[in-house]
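Fold and contact review
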Amino acid sequence: MLRYITTFICLFFAFSAMAQSPVPARAQSKPICITAATAHLGNGQVIDNALIAFENDKLTRVEAYQQGADFRNYEVVDAKGKHVYPGFIATNTTLGLVEIGAVRATNDNAETGTLNPSARSIIAYNTDSEVTPTVRSQGVLLAQITPQGGLVSGSSSVVQLDAWNWEDAAYATDIGLHLNWPARLSFSFFTGESTRNERYEQQIRDIEQLMEEAAAYARQGQPAVKNLKLEAMRGLFNKETKLYVSVNGARDITQAVLLGKKYGVSVVIVGGRDSWMLTDLLKENNVSVILGRTHSLPGRDDDDVDQPFKTPAMLHQAGVLFCISNDGFWQQRNLAFQAGHAVGYGLPYEAALSAITLNAAKILGIDKRAGTLENGKDATLFISEGDALDMRTSKVSCAFIQGRDIDLDNKQKVLYRKFKEKYSR
Amino acid sequence: MKKALLLLLALSSWLTTSFAQVTFPQNGVYDEREGLYAFTNATVFTSYNQKIEGATLLIRDGKVEAVGKDVAIPKEAVQIDLKGKFIYPSFIDLYSDYGMPEMPAERPRTGGGGGFGNQQMLSSKQGAYMWNEALKSEYNAHENFKVNDKAAKPLRDVGFGAVLAHRMDGISRGAGTLVTLTDKREHEVILREKAAHLLSFNKGTSTQSYPSSLTGGIALLRQTYHDGQWYAGQSSEVNISLKAWNDLQSLPQFFEVRNQQEAQRALRLGKEFGKTYIIKGVGDEYQRLDELKATGASFILPLNFPEAYDVEDPYDALQINLSQMKHWELAPTNPGRLAAAGVNFAFTANGLKKTEEFFGQLRKAIENGLTEEQALKALTYTPAQLVGAYDRLGSLEKGKIANFIITNGSVFAKDAKIYHNWVQGKAFVIKDLDAPDWIGAYAFKVGDTDYRLLVKGKNESPEMSIAVNDTTSIKIKHQYSNGQITMSFEPDKSKQRVRLSGVVEGRNWKGRGQDATGKWINWSATYTGPADEKKEDKKPDSAKKEQAPGPVLYPFGPYGREKLPTQATYLIRNATVWTNEKDGILKNADVLIENGKISKVGAKLSAANAITIDGTGKHVTPGIIDEHSHIAISRGVNEGTQESSAEVRMGDVIDSEDISIYRQLSGGVTASQLLHGSANPIGGQSAMIKLRWGYNAEALKVQGADGFIKFALGENVKQSSSSSSTRFPQTRMGVEQVYEDYFTRAREYGKLKASGKPYRKDLDLETILEILDKKRFITCHSYVQSEINMLMKVAERFGFRINTFTHILEGYKVADIMAKHGVGGSSFSDWWAYKYEVYEAIPYNGALMHEEGVTVAFNSDDDEMARRLNQEAAKAVLFGGVSEEEALKFVTLNPAKLLHLDQRMGSLKTGKDGDVVLWSDHPLSVYAKAEKTFIDGILFFDRDEDLQLRDAIAKERSRLIQKMIEAKQGGQATQPASGRMSSRHYNCDDVDDEMTEE
């Protein structure tokens, strides 16, 4: 018979009024297997009664569970009736860069100036943020920490969400540059009308010139004079890094795709409100999309009322590589529901899951290690009591990052217990 | 003879009326003449609906002496034969800044709704004037009026003879003055010094912060009406502006608005004080014609119909939404529609890019349903009546001012020409009345060269050329005036011109000139016979027939309908029914909606004539109620320029056309409380609406609902995000004092009111007094426990209770105190970390408050989140384990309770309002979609119908885009497609100044 060792699941700290973010977990010391769960692999496949085993941080067995199998060396987690998912991946987020939105001193997301290709988000990533634990307790275990502001904001890095410092957290560093496509129209709150952005042409010229000169710079191995900004762009031209372009309008998306083509750069569209209009163009040019929130309003009064809800399904149908993202930092705990909402509008369930796991991993270039439950990949996964894409049933009971059993407590749970205590007296 | 007449006409421009005594000394010999003229054989429009052919118009001293068929012409009258010509009363423009001084240059503006920048609390105008700079009642246009012939000419050229001039600055713009467009001294040109009071919803050059919103502007006017009444009966204060305000009340009241909804708002405000404003509209009145007609108001309409958008590029076309496209098509039908509906209106030339476009635009209106008689009425009779000057203007009758135009025929015809515009008996010549009868061919001898000269076209504007052979001709430039002609042409390709000047006498012309080499020569032209004009190939009468314009939609734009949906009997069968009553969640149950109410809930119901809906596998819930919403609000959600804006009412500024209404119906929302923002401690009065998409703003309101008011605490009201703000308060300590102070003063005010002594009605304190009297209830924006506790204590000291804390993210810390106080909490499910005061916010807040016995709701404060409040309710289950049944109440029954509407809404109980949602799935699931949303038994959203509406939008857009491209190709002017594609969405801390012109 199986031995049920569940004591390590879902560690609850003894009551403590101190709002300290949880201590990072110890490295995996023993093989672990999760049995009898419904496993959603992230690549579209589902194993109803699954066995998931991992050892030394890596997944070793992902298969149908055979009753009576021998797991003497394993810690066994019985997950009957529960669901196992690969850790969700939050793309395009300021998690760890912003602690409190309106408190400037806690904001490290946007450097001053318009062209900051050399700015690196990874070094500002705060592993001690009180926000991060609230996000990972909803199944988000990896995140692309992304700078904002200006035309070129800097480079993003992928982190895992259980670390002592940013070096520990770093999962893939400086994976791409972030470009904010200039707006053609500027919306006036006074008139409720959009007017032409007078600086648009100049801004486009600035971008073109930067790309042109960076490409030239990249052609020389040892430049006589080192230019930090151009140096930071070198990776774009040998496709070591990608150009993430925040852009929403159809015409601007087209421009961004053409820019990538012109300079031989891998472009990822971020936001991509109108991407559903351009699926052929995106596919032909191998351009992927980090879609903005599903929970957003249509861009135009005349649009279908559910356009943002069904855009993911339309991209899926057309075969465009896309993932689903959420705005902001604390909001990342609702990432799964952005995917879940799209299911109601035609996106197949497992494709919705891929949109926050495998597809995100592919776009970020970490799919060899993350994004699915497959042998050899990092054991970054979690167990949910129910369907994790639906807020009605989602309940993360334990989570592992690279095999480490992480503490799912957070500041908010601490406060909850504190005031539960108050009212029980 | 003709020359003599011309000379006389020229002289007449010096005429003054005879024997008029003026205060000015004369330098030289007096030259007073009677100005006695007889215009004979004319077709005279004595009024807009009366035409006399072969009539004589006799004028003297700038007035009409007689008009008719049998007018005896005095011997001494100058006679002008107008055979074949028409005379009309000249036009009157009631919306003009003619003769007004240039507006002061824009001064830098101070902070808007509050919190940002330095606020200017009081008027910068020194002296005993109104506290608010936007009220310029003391401004008298006539005192600043200057005759400006340069500005008058374009108006005269299109037939205007008199205007109501005013300075277009401020909410009260003071008195307008009625003047003519002649070039005499101001003393004679001004017909009535103070002819009207002009108002608007724009504060103009005022740099004062208040009002920064439309709702504040309306409140300011309302208070000023009360202040005027108070001022009349008091002696403690001298106020030049209020005195002027009171004096202005007996005049016609003109009100400028930005759109038809503002017209409705202005007229509602006016009604409170017995005023029916004359609305200066923008030409979109057809969009709510029935509502506007019902007010009985008159309108001044511009003729600036929008140009087609340049939509050849499909992406550009995306920038333009359906309402803009449809308005382009329907705007020219507006005057015709108003006329047909019997709405009284006048036209203005104001708003035209160029005044000379006037007739072209007017003809557009005529092509689109306006009759010529209606057009003439709107230019003569109606404006004269509206400004109370029909005894002097607007028709040609004995004793009226001799303001008239002479035309070549119907003034509305395509080739219409105005020859003269006579103003106060003085002629302004636009075109010579006596163009020579000169069409024909001439033997043209220039020096020693013989040419054949051809004069073609019309006598008033002939084309002249030299025939070289059958196909080639040389164009002659020419100018004719008072019998003299100037011509020039290039005899060969040398580009050297022959220049001639001479006299035209009948059909013999002759004169002197210089040939291409500069040599002086003689020339002559002698008529030889008709020019053999080739018949121009007339284009076949516009090959394509003009498409009939599309329908008016309610609301006017995407997802609007041609007909408003109405009540029916609906029976939803075999669904899972969330009653929110003792019965709990019923499986396989039916819901019957009849006469707008829930009629029955139970198993196996039946009803004759009911529309049956199969609910198998689906769920039915009461409609979602959003306790905290800022949708459907026009021009500003905050009047945060003062610490209290209790006088402002969101109900004044409901925007029934906001697309958010439809979008939220698609998320199962049926009712929303529209709240003032959170910029100041005491905000404005809330409005409770149901999302009756298509109905007008008044019809959205929930009748009989209790009045609420928004309060706010914390970072917003203490303006934490501004380093330069000076408005009180800046700390939570100060916030308490605002309340303590206002409630204390309101109590004193109440005592004064009750004492029977005269008092100034103060709408701010009046509202606060309602709170003390438990007739109005507080919804307070709040975050941290200290401030929450504080406000409850203030309320307790003043003997009332706070009704609802909204946001209330630290409610969980004081839930026990809240329960004891009896206040409810309307919160976000899980928001936090966006500012310091929400750093201790937790998603378990709702559950903890609920467990302590607080009535808990989840609200949106967000146009996007509002359409998935069911999902937010689910988070009360996720975080804190509230039961699903109770969680759904967080967005249905509980907000109804907090709004005192639970007797009518919030559960499925016999007799309650038929506000019902049919869901595709479990209503707390992320996968659930609202399939049908009923309000009062009316199906306002239906997912099947929605698909049809989308289809209709696509078709209508496509039709209009084609039509605009045709218009562009047909040579019509276009405007770039850079307009609005999405409406403004408000959050509670939006504080921009919305009361200024862009």
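Each value, and the rule that gives it
- Residues numbered from 1 in each chain as written.
- Chains lettered and ligands numbered in written order.
- Predicted model: local features only at pLDDT ≥ 70, side-chain atom pairs only at ≥ 80, totals over all residues.
- Helix = DSSP H or I, 4+ residues; strand = E, 2+ residues; numbered from the N terminus.
- Buried ≥ 20, exposed ≤ 12 C-beta atoms within 10 Å, placed from the backbone.
- Contact = placed C-beta atoms within 7 Å.
- Nonpolar A, V, L, I, M, F, W, Y, C, P; charged D, E, K, R; others polar.
- Domains from an automatic or database assignment.
- Pairing = 2+ DSSP bridges.
- Axes fitted to C-alpha atoms, helices over the stretch in contact; angles between N-to-C directions.

Let's shift gears to the overall build of chain A. Each helix and strand in chain A was counted, giving 12 helices and 18 strands. With the principal axes as the frame, chain A shows a C-alpha extent of 70 × 50 × 45 Å. When each of the 425 residues of chain A is scored for burial, the buried share is 54%. Long-range contacts, defined as pairs at least 24 residues apart, comprise 69% of the intrachain contacts of chain A with a sequence gap of at least 6.

So, on to the interface of chain A and chain B. Counting residues at the interface gives 43 residues for chain A and 55 residues for chain B. Elements with a minimum of two residues in the side of chain A that touches chain B: β11 (194-196), α6 (250-263), α9 (335-343) and α12 (411-424) of chain A. The element contributing the most residues to the side of chain A that touches chain B is α12(A), with 5 residues. Its residues assigned to classes, the side of chain A that touches chain B comprises 19 nonpolar, 14 polar and 10 charged.

Residue B:P211 is reached from B:Y210 by a cis peptide bond, and omega for that bond is -5°. Here the bond from B:F728 into B:P729 is cis, since omega is -5°, no more than 30 degrees from zero. Residue placement: B:P729 occurs in the loop between β35 (707-712) and α17 (732-754). A positive phi angle, near 50°, is found at A:N56, a position not held by glycine. You can call A:N56 exposed: it has 12 C-beta atoms within 10 Å. One non-glycine residue, A:D57, lies in positive phi territory at about 75°. Taking the C-beta count within 10 Å as the criterion, A:D57 has 17 such neighbours and is therefore assigned partly exposed.

Attention now moves to the domain arrangement of chain B. Residue and element names in this part refer to chain B. Domains assigned within chain B are domain 1 (440-529), domain 2 (570-618) and domain 3 (624-936). Contact residues are listed per partner, giving 20 residues for domain 2 and 21 residues for domain 3. When residues of the side of domain 2 that touches domain 3 are traced back to their parent elements, those giving at least two are β26 (570-578), β27 (585-594) and β28 (597-602). If you tally residues by element for the side of domain 2 that touches domain 3, the top one is β28, at 5 residues. Grouping the amino acids of the side of domain 2 that touches domain 3 by side-chain chemistry returns 10 nonpolar, 6 polar and 4 charged.

Now for the sheet that holds strand β11 (residues 278-280) of chain B. Residue and element names in this part refer to chain B. Taken in spatial order, the 8 strands make up an open sheet running β6-β7-β8-β9-β10-β11-β12-β14, and their pairing is mixed. Since the sheet does not close on itself, it has two edges, and those belong to β6 (91-96) and β14 (345-348), each with one partner. Recorded for the sheet is a direction-independent mean angle of 30° between the axes of neighbouring strands. Alignment of β11 against strand β12 (residues 298-302), held across 3 bridges, turns out to be parallel. Residue pairing for β12: I279 is matched across the bridge by F299. The sheet contacts of helix α13 (residues 372-379) involve β6 and β14, and relative to β14 the element is tilted by about 75°.

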